[in-house]
Amino acid sequence: MSFDEVFDVIVIGAGHAGCEAASASARIGTQTALVTLNLDMIGQMSCNPAVGGIAKGNLVREIDALGGIMGHVIDRTGIQFRLLNRSRGPAVQAPRAQADRALYRTEMRRTLEATPNLHLRQGLVIDFIIENGSVIGVELQDTRRLRADAVVVATGTFLNGLIHTGRRTYTAGRAGEPASIELAESLKHLGFPVGRLKTGTPPRLDGRTIDWDAFEPQPADERPVPFSFATETIEQPQITCFIGYTNEGVHDSIRSNINESPLYSGQIKGVGPRYCPSIEDKVVKFPDKSRHQLFLEPEGHDTYEVYLNGFSTSLPSELQQEIVHKIPGLEEAKIIRPGYAIEYDFVDPRGLTPFLQTTKIRGLFFAGQLNGTTGYEEAACQGFIAGVNAALSVQGREGFRLRREESYIGVLIDDLINHGVDEPYRMFTSRAEHRLSLRHDTSDTRLSPYGRELGLVGDSAWDRFNQRFDRIARLKIYLEETRLKRSDERYYELSNLLGRDLGDSVSLAQLSQYQNVDNELIFRLLPGKMRSNFTIGDIETTLADILYSGYIQSQRVNFERIYQHDKLEIPQSLKFSQISGLSREMVERLERSQPQSFGQARQIPGMTPAALFLLLYQLKHAQAA
Amino acid sequence: MHATDTIVALSTPPGRSGIGVIRISGPDALALTRSLLRDESFKPEPQRVFLKPLRELDGGEVLDQALVTYFKSPRSFTGEDVVELSCHGSPPLLLSIIDSLLYLGARAADAGEFTMRALSSGRLNLTQAEAIRDLIDAQTHAAVRQAARQLGGELSARLQPLKDSLLEIIVPLESSLEFVEDDLPEDLAAQVSQKLSTLAETVKSLAGTFRTGRLLKEGLHVTLAGRPNVGKSSIFNGLLRLERAIVTEIPGTTRDTLSEVIDVEGVPVLITDTAGVRTSSDKIEQLGVERTRRAIVDADLIVVVLDGSQPLAPEDLEVIEDAAQSRFIIALNKNDLSAHDADRVRDLSNGATILSVSAKTGAGLDSLCAAIVEPFSAHETFAGNFIITNARHYDLLRRTENAILTSKDLLSRRASEELVLVGLYDALRFLGEVTGETTPEDVLSQIFSTFCIGK
């Protein structure tokens, strides 16, 4: 078979998963092709022009700590940075930034084009070329054949995409772009179990037709928290977003036209995300709520386009316009792009290894929405892991995986491959048992050493990491050992401020635990020389470490009680069918999952406690012998 | 259904008995039975009883007539193919049948292995498996009833609403963290605090039934105390309705302590008769007195026996003084001899119950029984008389309560939700541990180590 071009790794799709995959793979040192339908749409944000959010922001910072690119790109193109959940504990805070949609695309393409070993190609992949159970290349619609030993599929919503607006449906990958039909067929032919999911997007408005005074302004943070550990300042001018509400008039119109919505006419079969409901769903499922919150988000510096966040809909376009007019402040607003719902194919992720390689075909990796997730961040982190492992597999190196207790990325992949999905999977902090230790600002200490080992964290980033690590260690000692005594000038002032006696002496670490003591106050208590050596961010990280250390410790004790045997390895030679008393069903589950440790076996769905006990007994017995 | 070997054990106690039951479980249960019966055409209908001759393996002489019952997988105790052989209860006979089965390829079952297989195949959950052990070990009717309820899945059913309420609390707290962009009810904290109090109370009252539960399972230690010759042994015998202790007119006849278990309203009560307390030069009697003092210290309840026909002696006062260190009641004996005047005793009794009895006629002994268990009896039951009888469950419920209270405390100190949630997830895990959903494997192994073979 002849090939037009030969690469090591091919990535299909240049969305958020594909870009991370191609960048990581190329920088590990393999010749990588990134094939996309349209080179002008690299890194396009199909829906909300925003990155991050609760738990999702942690994913982006984890990608950055490992040496990925999403954090850099959003830091350079974000036009409204906000740290969410500021009123709550640092473990559940996370950065979110609204992007200038067009700038984000440009910056992403610039970043990829500047990457050695990375080759951008425009084309539509229609088939895989398989030999002896391994993928060896792909075939394009224009008859070109590309050779590679590993292929990462990151097709997003394009796989068999079907757009719905009202009763009208048409095939598309997203509005204005063709769907990928042949590739979907090809995956089905290869025997991958394919299901159907749905997502939706709201209408975009012409900003010049909005009565902005009717809305409540939501300014950007004064001190933006960047995603990348390398970013020192956010250069983009920051904009204000606006908050508004629907009303009963809007709800009545939706209710009386509900049969026009493909969601309620039975036309859409795919399952949508419960936690990102369409406005139709909100009105029908929460009939008692008299209003729903909306956010008006300008899409960029150089456009009047405004994203109507919270109003995702698949009603007919003319009805969307009519209903939008009933929202106070939008009486005159013109829709420039109607909202729509899109159904697309996904492949059951339970057929993937922790490296995101398919168990069916060697060298074939899946990432992003194809695996049943939703969200740019969820997609990007899978792209990163798939790209890294595609490159490692080509180089004959051992795969790279992350554990649940050290990262949200580990939680995400673990959940996907063990439990599958029955609705689009979005990350939440509550999915992570260890969320207190998975703070966004500790992503570097948790993951950068891995990134360095993979060769994705460069020298300057590594130096920066080590310096910060060192500063926080020093700060911790200082805060724990520096005590304010009664005789200190500031003691009186502070005890007055807090309205309580602070004992004969109080350490700065103890002081930080009192209500009404914020990080800035502690920062001001540092000697002048220290204040110039440390950032407020260092203080935040150190104090959060102190705040949670007790909880993390006691949680660890509880988890250890439960998971104490997780590290026991299951030897290759062990035949599950020969474990006495183990039922055939349990043997089958074990054989299907091929767990390498007791912890992995424990997480196989449907394993009974007694079956695990029998396995444990066997492992301990083997260990003793 | 099991991929592995077939196990065999004697399921009735060793020793002579009317009938001995041998249980075989595993894929080869029926094949082994056929070989044992030397009848390859034996195709029993499941769940029906067949009378079959059992022969010696070598020689073929008929050893016994056995009743054979076949339980076809998965409709059996273990979920596997099971055969039960009911033979005559001669130890050498039973031993030789088991030997034959082992020779034919069965394996001797480990302790608790039948139950383990039932658990493994999902026929039982953990509390049900524990209930089997409790049922077998039950000493009284009430304990049997409790174990049976647990075996029927009642504990798991009781815990489910608690888990549900925990989830009801967890979910809005989680969503307030995850969906910051939505507006949430302002008074969430107050509502949650109220719900947590209710939940902690419920868990506490369920845990509180363990006092009664332990009583049902482990029983009550009651010591009869009094100066010599007030009729302690007569009361002891009266309570036992047995002539066990030697009762004579000579003071100090009972020199040792004697114990016996009686069933009082479902509670197994271990009654200990003691030597009369008096200063004596007799070496043996001194030893007896020492044991008496120990029995008094160890008792859950002391019955001070006084001779109601006699004036109070200084030694009576000493006994009351000793008994007052623990929970005690007073039995005024010999009410057949003269009318009692409880008033004289009342001043000394410090509020303890005083009963008038006659060991000789048996009058008042029923009331005495009732008074013995009254302070312990089942007013601490959970709704519907459900009680906790297992120390492991009790421990986990206490942990659950503490975890909930820690969360409530954090909430009142306005800690952020992620910290409040730590305790709530712990509580959920502890409850899950009771039924075995999240049981650490070591706890399982502890549970199984207390099983005996053949169950």
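Residues numbered from 1 in each chain as written. Chains lettered and ligands numbered in written order. Predicted model: local features only at pLDDT ≥ 70, side-chain atom pairs only at ≥ 80, totals over all residues.

Draft legend 1. The arrangement of the overall build of chain B in detail. Looking only at helices and strands, one finds 16 helices and 12 strands in chain B. Counting the 455 residues in chain B, one finds 44% classified as buried. A fraction of 68% describes how many contacts in chain B between residues 6 or more apart in sequence connect residues 24 or more apart. (Helix = DSSP H or I, 4+ residues; strand = E, 2+ residues; numbered from the N terminus. Buried ≥ 20, exposed ≤ 12 C-beta atoms within 10 Å, placed from the backbone. Contact = placed C-beta atoms within 7 Å.)

Draft legend 2. Up close: unusual backbone geometry. Residue and element names in this part refer to chain B. Each neighbour pair has its own omega, and for S73 with P74 the value is 0°, a cis peptide bond. Relative to the elements of secondary structure, P74 occurs in the loop between β4 (62-71) and β5 (82-89). Phi is positive for R38, close to 55°, though the residue is something other than glycine. Residue position: R38 is located in the loop between α1 (29-37) and β3 (49-55). The class for R38 is partly exposed, based on 14 C-beta atoms found within 10 Å.

Draft legend 3. Main features of helix α5 (residues 181-189) of chain A. All names here are of chain A. Those residues of α5 not exposed but buried are L183, A184 and L187. Taken down its axis, α5 places every buried residue within 105° of arc, on the same side. If you follow the buried residues of α5, they end up packed against β8 (125-131), β14 (194-201) and β21 (340-347). (Arc of directions from axis to C-beta.)

Draft legend 4. A look at the sheet that holds strand β19 (residues 305-309) of chain A. Residues and elements named next belong to chain A. Judged by pairing direction, the sheet is antiparallel, and its six strands sit side by side in the order β16-β17-β18-β19-β15-β20 without closing on themselves. This sheet does not close on itself; its edge strands, each paired only once, are β16 (216-218) and β20 (335-337). Between one strand axis and the next, the sheet turns by 35° as a mean value, whatever way the strands run. The sheet contact formed by strand β15 (residues 204-206) and β19 spans three bridges and is antiparallel. In the sheet register, D206 faces β19, and the bridge partner there is E305. (Pairing = 2+ DSSP bridges. Axes fitted to C-alpha atoms, helices over the stretch in contact; angles between N-to-C directions.)

Draft legend 5. Representation of the environment of L402 of chain A. Residues and elements named next belong to chain A. You can see L402 is positioned in the loop between α9 (376-394) and α10 (408-419). When the C-alpha positions of L402 and E433 are compared, they lie 15 Å apart, and in sequence the two are 31 residues distant. Setting aside anything within four residues of it in sequence, one finds L402 in contact with S407, I409 and G410.

Draft legend 6. Examining the environment of G410 of chain A more closely. All names here are of chain A. Following the sequence through the fold, G410 ends up in helix α10. Remark: the alpha-carbon pair of G410 and A386, spanning 24 residues in sequence, is separated by 13 Å. Contacts of G410, omitting those with residues within four sequence positions, involve L402, R403 and R404.

Draft legend 7. Region of interest: the nonpolar core. I10, V151, V152, F365 and A367 of chain A are the most contacted members of the largest nonpolar core, which totals 159 residues. Ranked by residue count, the leading element in this core is α9 of chain A, at 12 residues. Residues in contact with V152 of chain A, not counting those within four places in the same chain, are V9, V11, I12, A21, F365, A367, A386, G387 and A390 of chain A. By size, the runner-up hydrophobic cluster in this structure holds 92 residues, among which are L30, V68, I302 and A323 of chain B. (Core = buried A, V, L, I, M, F, W, Y, C linked by C-beta atoms within 7 Å.)

Draft legend 8. Structural detail: the pairing of strand β17 (residues 241-245) of chain A. Residues and elements named next belong to chain A. Across three bridges, the pairing between β16 and β17 is antiparallel. Bridged to P217 within β17 is F242. Pairing between β17 and strand β18 (residues 293-298): four bridges, direction antiparallel. Within the sheet, the bridge partner assigned to Y245 lies in β18 and is Q293.

Draft legend 9. View of the sheet that holds strand β10 (residues 145-147) of chain A. All names here are of chain A. One open sheet holds the four strands; their spatial order is β1-β10-β9-β8, and the pairing between them is mixed. In this open sheet, the two strands that pair with only one neighbour each are β1 (5-6) and β8. Bridge count for β8 against strand β9 (residues 134-140) is six bridges, and the pairing is antiparallel. In the strand pairing of β9, I130 is matched with V135.

Draft legend 10. Local environment of the pairing of β4 of chain B. Residue and element names in this part refer to chain B. Where β3 meets β4, seven bridges bridge the pair, whose relative direction is antiparallel. For K52, the partnering residue across the bridge sits in β4 and is A66. Following β3, the chain reverses through six residues before pairing antiparallel with β4; G59 in that reversal takes a positive phi of roughly 105°. Across five bridges, the pairing between β4 and β5 is antiparallel. Bridge pairing in β5 links F71 to V82.

Everything listed here is a matter of coordinates, which is why it stays silent on function.
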